[in-house]
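# Structure at a glance
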Protein chains: 2
Amino acid sequence: MKTLEGIVPELKIYKRHLFLNSLIYKSIFKIQSTILKASRDFLYDKGFIELVAPVIAPVTDPGIREAREIETRFYGEKAVLVTSAILYKLAGLKIHDKIFYVAPNIRIEPISISDFSTRLSEFRQIDIEAAYTDREGLISLSEEFLIYIIDKVKKERKEELDMLSRDIKIPKRPFRRIRFDDAVEIASEEGYGLDSSGELSKEAEKYISMIHNEPFWIIDYPAKIRGFYYKKIDSEHLLDMDLIYPEGFGEAASGGEREIDPLKVRDRMLETGVDPRRYIWLFELLYDGLPPCSGIGFGLERLTRYITGIRDIIDATLFPKAPGYLGL
Amino acid sequence: MKTLEGIVPELKIYKRHLFLNSLIYKSIFKIQSTILKASRDFLYDKGFIELVAPVIAPVTDPGIREAREIETRFYGEKAVLVTSAILYKLAGLKIHDKIFYVAPNIRIEPISISDFSTRLSEFRQIDIEAAYTDREGLISLSEEFLIYIIDKVKKERKEELDMLSRDIKIPKRPFRRIRFDDAVEIASEEGYGLDSSGELSKEAEKYISMIHNEPFWIIDYPAKIRGFYYKKIDSEHLLDMDLIYPEGFGEAASGGEREIDPLKVRDRMLETGVDPRRYIWLFELLYDGLPPCSGIGFGLERLTRYITGIRDIIDATLFPKAPGYLGL
């Protein structure tokens, strides 16, 4: 048996093709395939249909914390690679009330050469959007979704989970909910704080994740630090939520209820430092009329990492692009 | 009912979000969703698993006729957007003997301002690769695949097909096969010829498609004009094939048996004008050992166009990027 024990990350990124036939990668990617299949089966069963997200576009979602977008040229015109399909999910609701994408996201994250565990520069999101659904409804759907997937993997990929020595428990509903402000307090008791963007620092999030043994929600993030497309719950907080995996695995998914009033969206843009002139098409969409809706995006590789119990996110994608590492 | 009759393509590309709630787009994209689901159901049932293709990479497949790749920068390094996932499918066989991607492909096609019917600059391919399978096996699988999908759409999307006035027939197996050299002769009888790359011209392909009312294969393409990864059947022809839709809908899929001998791959590179130094990782993969294999890629939007019977390929993708048209 070929193991990956002691292989430096650089070799696993630049020579990945030579390691793919190890039993570890075979197990990881067979499980990932089952995760994809189970995700789709669950969503179709709930009345969702799959649409196809764009990769290249004139404009993308700016709500990506410290990350930047990749700019390129398209027949001489300035274009970007989509960092998040959120705005395109809103447009997708014109087709059907319940939609999802499995969308490629490409982001230039700050280079942190010592971290191959949690950040990828190219990844997929299982991106769900539902009309006439509030935060409560989406939280409920997401909990069912995660439980369904873990259950399927346990049933259909026992051999692969054993190979990876992973004994993952099926979470119990309802998951715990912690308000963001309370999460900050919990982290600060152990000396952890916020990062420069006002989010919980990586260490703080990891600490809170470590002290849990079931997935849990952090809700009501500060309005200033998160995407303009979320609705407010009060003047300073959003009707949003992150799902966090336990055992130190950290962030699973981000979502919330959408702001669909164009004037309020504009206020949210100004509040979060976004130029409304870049999003004329979104205003057109909103004036054309959108139903009240909520959405959430699950990182496929983070879900794979959690279910397989592996340490490094670079091992949850076939051809990894880590910050600063193009691969092959 | 909102129709799209008489709407200029520019408006449908740059203001697509304002037309998405027309009954026509609702029908098209619900059918596309069923195509995606049926494709996956069929392939899983045949023992395939889905893997995730890369979008950005240091190198991509050069076998894309007149099209070019989009170059960009990744943390200062030169990178490209993947134009075809073929080489990455070969690597995927290290995980499992039967794999598929639903892969985004981005290509800079020559600008042809009058054609919105057949060319997209961003599209998806249902990209299938099977070890220990020859051309014959893959032709058989592909025919079953297409029939399964059309049958599913007819059963589950009758209302949408009716809305589009599309009465599509389930093709009969086996599909007709025409050798490339014979196809050239058939086209030349009507005055159609080859394009500058040595392929059948667009008009020639359309003519041959028009005179058929069932899908058919063109096989044995000239070795000089097609990808270096195909095996030869004799000194001048390849063990490859294109699937062509009838009624003028044209190319459906391209595939063939793979050359897995590294020295012969190098010869094929030199024969097709490709620099072997760009593909060191592929040679490593081949020396590490690959099973004999065959693969094929079905364009999702072309399949959608054929099944829905619409004229323009830009109407088979949610956020179209036509050559020179970025959209929104």
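Summarised in this report is the structure supplied together with it. (Residues numbered from 1 in each chain as written. Chains lettered and ligands numbered in written order. Predicted model: local features only at pLDDT ≥ 70, side-chain atom pairs only at ≥ 80, totals over all residues. Heavy atoms only, no water.)

Laying chain B over chain A is done by rotating through 180 degrees and shifting 0.0 Å along the axis; what remains is an RMSD of 0.0 Å. Expressed as a symmetry operation, the mapping of one chain copy onto the other fits a two-fold axis. Identified as the residue of chain B closest to the rotation axis by C-alpha distance is Thr72 of chain B, at 2.8 Å. The residues that chain B uses at the interface reappear at the interface of chain A in 100% of cases, marking a shared surface. (Least-squares fit on C-alpha atoms with pLDDT ≥ 70 in both. Contact = heavy atoms within 4.5 Å.)

A few words now on helix α7 (residues 202-210) of chain B. Listing the buried residues of α7 of chain B in full gives Ala204, Glu205, Tyr207, Ile208 and Ser209 of chain B. Buried residues in α7 of chain B make contact with α6 (180-189), β8 (216-219), β9 (240-245) and β10 (250-257) of chain B. (Buried < 20%, exposed > 50% of the residue type's maximum accessible area, 1.4 Å probe, protein only. Helix = DSSP H or I, 4+ residues; strand = E, 2+ residues; numbered from the N terminus.)

A few words on the sheet that holds strand β2 (residues 56-57) of chain B. As summarised here, the arrangement of the three strands in space is β2-β4-β3 (chain B), forming an open sheet in which the pairing is antiparallel. The strands lining the two open edges of the sheet, one partner per strand, are β2 and β3 (71-74) of chain B. (Pairing = 2+ DSSP bridges.)

Residues and elements named next belong to chain A. Structurally, Asp240 is set in strand β9 (residues 240-245). Arg226 provides the closest opposite charge to the buried, unpaired Asp240, separated from it by 4.2 Å. When near neighbours in sequence (up to four residues on either side) are disregarded, Asp240 contacts Arg135, Ile218, Ile219, Asp220, Tyr221, Arg226, Tyr230, Gly255 and Gly256. (Lys, Arg positive; Asp, Glu negative; His and termini not counted. Salt bridge = Lys/Arg side-chain N within 4 Å of Asp/Glu carboxyl O.)

What follows covers the packing of aromatic side chains. All names here are of chain A. Using the criterion set out here, one finds 34 aromatic pairs over all chains in the structure. Between the aromatic rings of Tyr88 and Trp281, the centroid separation amounts to 5.2 Å while the plane-to-plane angle is 20 degrees, which identifies the pairing as stacked. Separated by 193 residues along the polypeptide, Tyr88 in helix α3 (residues 86-92) and Trp281 in helix α9 (residues 280-288) bring together distant segments of the chain. With respect to class, Tyr88 is no different from Trp281; both count as buried. (Phe/Tyr/Trp six-rings, centres within 6.5 Å; stacked < 30°, edge-to-face > 60°.)

Further remarks concern the pairing of strand β5 (residues 98-106) of chain A. Residue and element names in this part refer to chain A. Counted residue by residue, β5 has eight buried out of nine residues, so it is predominantly covered. Where strand β1 (residues 49-50) and β5 come together, two bridges link them in parallel fashion. Bridged to Ile49 within β5 is Ile99. Pairing analysis gives nine bridges linking β5 to strand β6 (residues 122-131), with the strands arranged antiparallel. If you follow Ile106 over to β6, its bridge partner there is Glu122.

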